[in-house]
Every structure is written in C-alpha cells, then in structure tokens.
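What follows is each chain in one-letter form.
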Amino acid sequence: MRFLLDAEQRDFARSLDGLLTSCDTPAAIRSWAAGDHGPGRAVWARLAEAGVFALAVPEKYDGFGPLPLELALAFEALGRHAVPGPLVETVAAAALLNRLGDDGIAADRLPGIASGTSVASLRLTSLGPYALDADMADAVFVVDGDTLRLAAGRPGPVQPSADPGRRLSRPSDGPALAQGPAVAAAAAYAADVAALVTAAQALGVGRTLLARTVEYVTQRTQFGVAIGSFQAVKHRLADTLLALEFAEPLVHGAALALAAGDDGAGLDIAAAKVTAGEAAYGAARTALQLHGAVGYTDELDLSLWIRKARPLRDAWGTPAACRARVMGAAR
C-alpha cells in the first residue's frame, strides 16, 4: 500500500520544518539539560502558535483534532530538530483527558494544552516510576491502575539519562481526579497515542542522523579520497536508509488506522514503534561509527541526536514489548 500526503499536509510539514530551522534547538537542549527551560519554552510557544498541540485536542476544547496523521508529521519534524520537552507526554495527556469522557476535567485542562500555555507530563505506573520533565511541567498526571491523579508539590530529584534533554523524576502523590474502568481504558488509548508519536519522533531523529552522516562522509577523506566513496560505507548508509524508508509507511499507516478507529490500530502502532525505533537506533550507530572519535564528543551537535535514539526506541514500548504485543495477537 502506498501512502501519499495531500498538499495541505505537505505544506504543514514544510512550514514546521522551516520554523524549527530558524530555532537554535541544540542551544535549547543544552540549556534544558542544565535546568534552564527558557529557550525550550520559547520554542514550545512557537510550536503552539503553529497549532502542533491543538492537533491532539478536539474542536470543542479549542483544538483542531484529534488528527493522528498530522500529529505524526509534526513529531517527525520535532525529531528532525531534536526539540526538548515533554512533547509526547503532553499529547498523550490530551488524548487521555479527551478519552476519559469527563467534560469537567477536559474543559479545565485541554484548552491550555491546545494553546501551549500549559505543559503536561504523564506517567503510567505500569511503565515505570518516572515522569518526563516533571520539574517544569504545569501539570503532571499519574495513572495507577484505574485511578487518575494530579501530582502535587515538587517531584523527586532529576535522574541522569542517556539523552541530556530527557529529565526524569518521580512525581509526588496528589489528589485523585477520576477512578474506574474508564480511566484504564483512556490510559491504554493514551499509551497508543504516545507510542505513535514517539515512533514518528524517532523517525525524524533517524532522518537527521542519516542526512548529517552522508554530508560528513563526503567531506572526510582517507587515502586522498572521501570515505563516502568506500563500498563498505555506502552499504552501511544504504542499509540505514532502507530501514528508515521501511518505517515511514508503517508510522503513517498506524496513524491512519488510529484516526479511523480501527480495532487493530494498537497492533499497527506497536509494529510502527518497534520498526521506527530500531531504524533510528541503527542510524545512531551508523552515525557514531562513521564520524569516528568526534562522534563521542559533547561539543558535536550531532551527539544530541545520537543520544536521543536509544531512549526514544525504548520509551512508551520497548522493542521486546512491541514485538510481544504483535506476536501475541498473531497466535
């Protein structure tokens, strides 16, 4: 099956790419890692003006969506530019609150998410003890089984991460907002949305890693010729490109399945997540190998993309968990 974006979707992706190109995202990541969220919040505000977060929010709560395919396109761009912050978690929180069916909670929280004035993070206790960027989020939602809570007070200390732009901490306990089977069902849907946009983000990270590595191997020389002319290097880059090209239609197809409300959308998302995550991680390994020793240095901006690949591969569904989900349905 061939997926073709329409003109409006292509224009949206190009405009978002142009917007982020004008932002100094490497500087924003380094500031974010140091605990200075100002530059990152400035990028967040520009993304909100472009309508990125409104894509996850229904029209009755001042949004444009939910529009899963457009969200996937947006997160590919966010990955290409390595934008820091709880982007996935904010979108997932919007999906959870909308799916919950409680108009009071949704009306209170979703307009702020759509406008970008409220940054949210989301933790499902079934996936681990930490929430992303809980130290700067305006609201941290915690789902424990069939109970939804709003974290209160300061979170625990920030834990080290392979990606300096991912600041993980334990959110504090807080009051219950809702309880019952509807919470568990909404959390499962939110986890699928999070896995989808994480897959798209990983795809974008992989695209940048490949593009910058191709540029580098045409400039670096050994034995008087560019290393990009070596057959082994060409094969490695071709394998990386094929993996990313194979992942893209899976991500778009999963987004279309989610938009259509297909019963098997979760399986499509799991397949897309494992494929895109592994492709991005492979692109990171290729970039690191072909850049040589310089690829290990923090001063190299590309290291920020290299260090994102593995955490994104494992976030919101490890490869093993995604494969188990797909294989379990096949039995």
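Here is a short report on the structure shown in this document.

How each quantity is defined
Residues numbered from 1 in each chain as written. Predicted model: local features only at pLDDT ≥ 70, side-chain atom pairs only at ≥ 80, totals over all residues. Heavy atoms only, no water. Helix = DSSP H or I, 4+ residues; strand = E, 2+ residues; numbered from the N terminus. Expected span 1.5 Å × (residues − 1). Buried < 20%, exposed > 50% of the residue type's maximum accessible area, 1.4 Å probe, protein only. Pairing = 2+ DSSP bridges. Axes fitted to C-alpha atoms, helices over the stretch in contact; angles between N-to-C directions. Contact = heavy atoms within 4.5 Å. Core = buried A, V, L, I, M, F, W, Y, C linked by side-chain atoms within 4.5 Å. Parallel < 35°, antiparallel > 145°, perpendicular 65-115°, else oblique. Nonpolar A, V, L, I, M, F, W, Y, C, P; charged D, E, K, R; others polar. 1 Å grid on protein atoms, 1.4 Å probe; cavity = no way out; pocket = protein on both sides within 12 Å on 5 of 7 lines; lining within 4 Å. Points joined across faces, edges and corners; volume = space filled by probe spheres on them. Phe/Tyr/Trp six-rings, centres within 6.5 Å; stacked < 30°, edge-to-face > 60°. Lys NZ or Arg CZ within 6 Å of the ring centre and 35° of its normal.

**Topic: helix α8 (residues 231–260)**
For α8, which comprises 30 residues, the first-to-last C-alpha distance of 44 Å matches the rise-based estimate of 44 Å (1.5 Å per residue) to within 8%. Taken residue by residue, α8 has Val 233, Leu 237, Thr 240, Leu 244, Ala 247, Val 251, His 252, Gly 253, Ala 254, Ala 255, Ala 257 and Leu 258 as its buried positions. Backbone geometry just after α8 places Gly 261 at a positive phi near 75°.

**A look at the sheet that holds strand β1 (residues 120–124)**
Pairing in this open sheet of four strands is mixed, and the strands run β1-β3-β4-β6 from one edge to the other. Each edge of the open sheet is held by one strand with a lone partner, namely β1 and β6 (176–179). Pairwise comparison of adjacent strand axes, ignoring direction, gives a mean angle of 15° for this sheet. In this structure, β1 lies alongside strand β3 (residues 139–144), joined through five bridges in parallel fashion. Each residue of the ladder has a partner; that of Ala 120, found in β3, is Ala 139. Where helix α7 (residues 181–217) meets the sheet, its contacts fall on β1, β3, β4 (147–150) and β6, and the angle it forms with β1 comes to roughly 110°.

**Points about the nonpolar core**
Counting residues in each nonpolar core, the largest one holds 85 residues, and the members touching the most others are Leu 47 and Leu 122. The greatest single-element share of this core, amounting to 16 residues, is contributed by α7. Not counting chain neighbours up to four residues away, the residues in contact with Leu 47 comprise Leu 16, Leu 19, Leu 20, Val 52, Phe 53, Leu 78, Val 83 and Leu 87. Listed in part, the 15 residues of the second largest apolar core include Ala 82, Ala 287, Leu 302 and Trp 305.

**Regarding unusual backbone geometry**
Of note, the amide linkage connecting Gly 65 to Pro 66 takes the cis form, showing an omega dihedral of 5°. Following the sequence through the fold, Pro 66 ends up in the loop between α3 (38–49) and α4 (68–80). Although it is not a glycine, Asp 62 sits at a positive phi angle of roughly 75°. Secondary-structure assignment places Asp 62 in the loop between α3 and α4. Unlike most non-glycine residues, Phe 223 shows phi in positive territory, near 55°. Secondary-structure assignment places Phe 223 in the loop between β7 (221–222) and β8 (225–226).

**Examining helix α5 (residues 87–100)**
The terminal C-alpha atoms of α5, which comprises 14 residues, lie 20 Å apart, in line with the 20 Å expected from a rise of 1.5 Å per residue. Burial within α5 is extensive, with 12 of its 14 residues counted as buried. Turning to α5, its buried residues number three or more, namely Leu 87, Val 88, Glu 89, Thr 90, Val 91, Ala 92, Ala 93, Ala 94, Ala 95, Leu 96, Leu 97 and Leu 100. Gly 101 sits one or two residues past α5 and shows a positive phi near 80°.

**A look at the packing of helix α2 (residues 25–33) against α3**
The interhelical angle for the contact between α2 and α3, taken along N-to-C directions, is 130°, at an axis separation of 7 Å. Regarding the angle of α2 to α3, the classification is oblique. Counted together, Ala 28, Ser 31 and Trp 32 of α2 and Pro 39, Gly 40 and Arg 41 of α3 form the full contact between these two elements. Residues of the contact of α2 with α3, tallied by class, amount to three nonpolar, two polar and one charged.

**Topic: the layout of surface pockets**
Taken as a whole, the largest pocket encloses approximately 450 Å³ of empty space. Of all elements in the fold, only β1, β2 (131–132) and α10 (302–314) reach the threshold of two or more residues within the lining of the largest pocket. Across the lining of the largest pocket, the residue classes break down as 12 nonpolar, four polar and five charged.

**Side note on the packing of aromatic side chains**
On inspection of all chains with the given rule, the structure shows one aromatic pair. Above the plane of the ring of Trp 305 lies Arg 212, whose end atom (NZ or CZ) is 4.5 Å from the centre.

**Observations regarding the pairing of β4**
Relative to β4, β3 runs antiparallel, the two being bridged by four bridges. Paired with Asp 144 across the two strands is Thr 147, which belongs to β4. In sequence, β3 turns back onto β4 through a hairpin of two residues, with Gly 145 there showing a positive phi of about 65°. Summarising the sheet, β4 and β6 pair through three bridges and their orientation is antiparallel. Of the residues in β6, the one forming a bridge with Arg 149 is Ala 176.

**Overview of the packing of α4 against α8**
Running from amino to carboxyl end, α4 crosses α8 at an angle of 145°, the nearest separation of the two axes being 7 Å. Taken together, the residues of α8 that come into contact with α4 (itself represented by Pro 68, Leu 69, Ala 72, Leu 73 and Glu 76) are Glu 248, Val 251, His 252, Ala 255, Leu 256, Leu 258 and Ala 259. In the contact of α4 with α8, the residues fall into nine nonpolar, one polar and two charged.

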